[in-house]
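Structure at a glance
The chain contents come next:
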Amino acid sequence: LSLRFPQKLWKMLESDQFQSIWWSEGGKCVAINKDLFKVEVLGRGVRQRVFNTRHIKSVIRQLNLYGFTKMQRDIQRSASLPEFLAEEAAASAHSQILYYYNPSFNRAHPWLLETCKRR
């Protein structure tokens, strides 16, 4: 049984098997830890492979083809230097996390998944 990209993505998000991808923003966004995803999902052997690629750019291309848009994280900066430096360190770790949104891809509304079509 061959699933379309959105169904594969949904199954991954609902599985406890993957640490590199999860629901964000209360189930409205997909969060991907880029480095961990490369190892955990794209680095799998042929038999365990989820997607027919080993490249994160191909997965991002699929997200875009299915109408997902990349979300930017708005981080307010502090005026004090120690707080600013701590926030910069956290933001650097945060930059490895990609956030994607699609109005038809919402954890609370699984029936919308059928409307998630390739452009």
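Residues numbered from 1 in each chain as written. Predicted model: local features only at pLDDT ≥ 70, side-chain atom pairs only at ≥ 80, totals over all residues. Heavy atoms only, no water.

1. Digging into the sheet that holds strand S1 (residues 21-24)
The four strands are arranged S1-S2-S4-S3 in an open sheet whose pairing can be described as antiparallel. One side of each edge strand has no neighbouring strand; the edge strands of this open sheet are S1 and strand S3 (69-71). For this sheet the average axis-to-axis angle between neighbouring strands, irrespective of direction, equals 35°. Across three bridges, S3 lies against strand S4 (residues 97-101) in antiparallel orientation. Residue pairing for S4: Thr69 is matched across the bridge by Tyr101. (Pairing = 2+ DSSP bridges. Helix = DSSP H or I, 4+ residues; strand = E, 2+ residues; numbered from the N terminus. Axes fitted to C-alpha atoms, helices over the stretch in contact; angles between N-to-C directions.)

2. Quick notes on the side chain of Asn102
Counting through the fold element by element, Asn102 comes out in the segment after S4. Judged by its relative accessible area of 5%, Asn102 falls in the buried class. Reaching out from Asn102, the side chain makes a polar contact with the backbone oxygen of Tyr66 at a distance of 2.8 Å. From its side chain, Asn102 meets the backbone nitrogen of Ser104 in a polar contact 2.8 Å long. If sequence neighbours within four positions are ignored, Asn102 has contacts with Tyr66, Gly67, Phe68 and Cys116. (Buried < 20%, exposed > 50% of the residue type's maximum accessible area, 1.4 Å probe, protein only. Polar contact = N/O pair within 3.5 Å; in protein donor to acceptor, adjacent residues only side chain to side chain. Contact = heavy atoms within 4.5 Å.)

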